[in-house]
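Examination of the molecular architecture
Residue strings, one per chain:
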Amino acid sequence: MTIPVLAPTRAELRSLLSDRSGRVALVPTMGALHDGHAALIRRAREEAGTGPVVVSIFVNPLQFAPGEDLDRYPRTLSADLEMCAEAGADVVFAPAVDEVYPGGDPLVTVDPGPLGTMLEGASRPTHFRGVLTVVAKLLGLVRPDVAVFGQKDYQQLVLVRRMVSDLCLGVEIVGAATAREPDGLALSSRNRYLDADDRARATILSRALHAAQQRAEYGVPAARWAAMKVLSEDPELELDYLAVRAADLSEIPDDLGDCPDGVEGRVLVAARIGATRLIDNMALCLGAPATPEGGS
Ligand code: PAF
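Presented here is an overview of the structure given in this document.

Definitions and limits used
- Residues numbered from 1 in each chain as written.
- Predicted model: local features only at pLDDT ≥ 70, side-chain atom pairs only at ≥ 80, totals over all residues.
- Heavy atoms only, no water.
- Pairing = 2+ DSSP bridges.
- Helix = DSSP H or I, 4+ residues; strand = E, 2+ residues; numbered from the N terminus.
- Axes fitted to C-alpha atoms, helices over the stretch in contact; angles between N-to-C directions.
- Contact = heavy atoms within 4.5 Å.
- Near = heavy atom within 4 Å.
- Polar contact = N/O pair within 3.5 Å; in protein donor to acceptor, adjacent residues only side chain to side chain.
- Areas by Shrake-Rupley, 256 points an atom, 1.4 Å probe, with all protein chains shown as cover.
- Nonpolar A, V, L, I, M, F, W, Y, C, P; charged D, E, K, R; others polar.
- Buried < 20%, exposed > 50% of the residue type's maximum accessible area, 1.4 Å probe, protein only.
- Salt bridge = Lys/Arg side-chain N within 4 Å of Asp/Glu carboxyl O.
- Expected span 1.5 Å × (residues − 1).
- 1 Å grid on protein atoms, 1.4 Å probe; cavity = no way out; pocket = protein on both sides within 12 Å on 5 of 7 lines; lining within 4 Å.
- Points joined across faces, edges and corners; volume = space filled by probe spheres on them.
- Phe/Tyr/Trp six-rings, centres within 6.5 Å; stacked < 30°, edge-to-face > 60°.

Taken together, the three strands give an open sheet; going across it, the order is β7-β8-β9, and neighbouring strands pair in antiparallel fashion. Where the open sheet ends on each side, the last strands, each with one partner, are β7 (238-246) and β9 (276-286). The average undirected angle you get between the axes of adjacent strands in this sheet is 10°. Where helix α9 (residues 203-215) meets the sheet, it contacts β8 (263-273) and β9, and its direction lies at approximately 15° from that of β9. Contacting β7, β8 and β9, helix α10 (residues 220-231) runs over the sheet at an angle of about 160° to β7.

As a structural note, the neighbourhood of the ligand is formed by P28, T29, M30, N60, Q63, V134, V135, F149, D153 and Q156. Side-chain polar atom of Q63 to an oxygen atom of the ligand: 2.7 Å apart, as the coordinates give it. Between the ligand and the protein, one listed contact pairs an oxygen atom with a side-chain N or O atom of Q156 at 2.7 Å. Alone, the ligand offers 290 Å² of accessible surface; in the complex the protein occludes 90% of this. Of all the elements in the fold, those that place two or more residues in the shell around the ligand are β2 (25-29) and α6 (127-142). Looking at the shell around the ligand residue by residue, the classes come out as five nonpolar, four polar and one charged.

This part takes up unusual backbone geometry. Within the chain, L119 stands out as a residue other than glycine whose phi angle is a positive 50°. Mapped onto the elements of the fold, L119 is located in the loop between α4 (97-100) and α5 (120-123). When its relative accessible area of 9% is taken as the criterion, L119 is described as buried. Its identity as a non-glycine residue notwithstanding, R143 has a phi of 55°, on the positive side. Mapped onto the elements of the fold, R143 is located in the loop between α6 and β5 (146-150). A residue is classified by how much of its surface remains accessible, and R143, at 59% relative accessible area, is exposed.

What follows concerns the pattern of salt bridges. Taken as a whole, this structure holds 16 salt bridges when the rule is applied. Here E47 makes a salt bridge to R43, at a shortest N to O gap of 3.2 Å. Here the residue E47 and the residue R43 both occupy positions in helix α2 (residues 35-48), the gap between them amounting to four residues, near one helical turn. In this structure R43 comes out as partly exposed when scored by relative accessible area, which is 30%.

With that out of the way, let us pick up α9. Every α-helical turn comprises 3.6 residues, leaving residues that sit three or four positions apart pointing alike. Spanning 13 residues, α9 covers 19 Å between terminal C-alpha atoms, matching the ideal 18 Å at 1.5 Å per step. Among all positions in α9, only T203, I204, L205, S206, A208, L209, A211, A212 and Q213 are buried. In this fold, the buried residues of α9 make contact with α8 (196-201), α10, β8 and β9.

What follows is about empty space enclosed by the protein. As enumerated under the stated definition, the model contains one cavity of 30 Å³ or more in all. Considering only enclosed or pocket space, the largest cavity measures out at about 40 Å³ in volume. Considering the residues around the largest cavity, the lining is formed by K152, L185, A186, S188, N191, A202, L205, L278, I279 and D280. Residue contributions to the lining of the largest cavity peak at three residues, all from β9.

Taking 1.5 Å of rise per residue, the 13 residues of helix α7 (residues 154-166) would be expected to cover 18 Å, and the 18 Å separating its terminal C-alpha atoms lies within 8% of that figure. Residues of α7 that are buried include every one of Y154, Q155, Q156, L157, V158, L159, V160, M163 and V164, and no others. The elements touched by buried residues of α7 are α5, α6, β5, β6 (172-176), β8 and β9. Positive backbone phi, at 50°, marks C168, one or two positions downstream of α7.

Before going further, it helps to spend a moment on the packing of aromatic side chains. Applying the stated criterion to the full structure yields two aromatic pairs. Judged by centre distance (6.2 Å) and plane angle (50°), the rings of F58 and Y101 are tilted. With a gap of 43 residues between them, F58 in the loop between β3 (53-57) and α3 (77-87) and Y101 in the loop between α4 and α5 connect regions that are remote in the sequence. The exposure class of F58 is buried, given its relative accessible area of 5%.

Set out below in structure tokens:
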């Protein structure tokens, strides 16, 4: 097990990476690390080979709207460092807010465009501007060859890929499968907000997505209907959205036309369980029989 070096400042990060050799891999996080993050770090370790793996831990104020959980977002640095060590990170960049935003809020930010106003962006209109701006900054500070993101935040992953391509940022983006509890709940730092009752109810999200996967071969309306049927089992659930989209999040017509191999799609859900808003998503193969292992 390597003990990662903690770099709280840009200067320390720069000096640690100054004699970098090999492929540099970055895993951007907001801390409160769980087994899902450990899987991302292990994936980064594989991608980097003998090169350094950098994990950033930064609760980015720019991606939280007033009234969201910025102040109560869990901060668990010493446990996070242990997890980084076990998963094979070499450097942990854990800056303070004024280290990342030395002049206060930046004047120039990354506009996520129309992809940032749908789904999560419809409920959280400033969220993706904050996410893309900090990701662009982290890519600029670390200059990785590859960055690993979880598919759990699928819209974020699609937007990061699009930013990297549209702005020619020259980094490979890897999307790693969502890690789940044995009962299907997607791992998330926000799961710790759930009390025992809400935790038991929360499995409804992955069950609904799984039902959509099972019916996807019959098309978009069938997949959507199957998921909604499961979601309706919990009358207290506050559904924000349930959407069936193409893999790039564009709209798909209900009538898929002639596509013998099916269309790669995604089913996405956001809902409030008690006081906690959770999101989840799974891959779909629309118009063709589901693969036995399904998608993540
Ligand atoms: O997914 C997250 O944890 C955050 O949105 C990220 C990518 C680290 C940016 O703050």
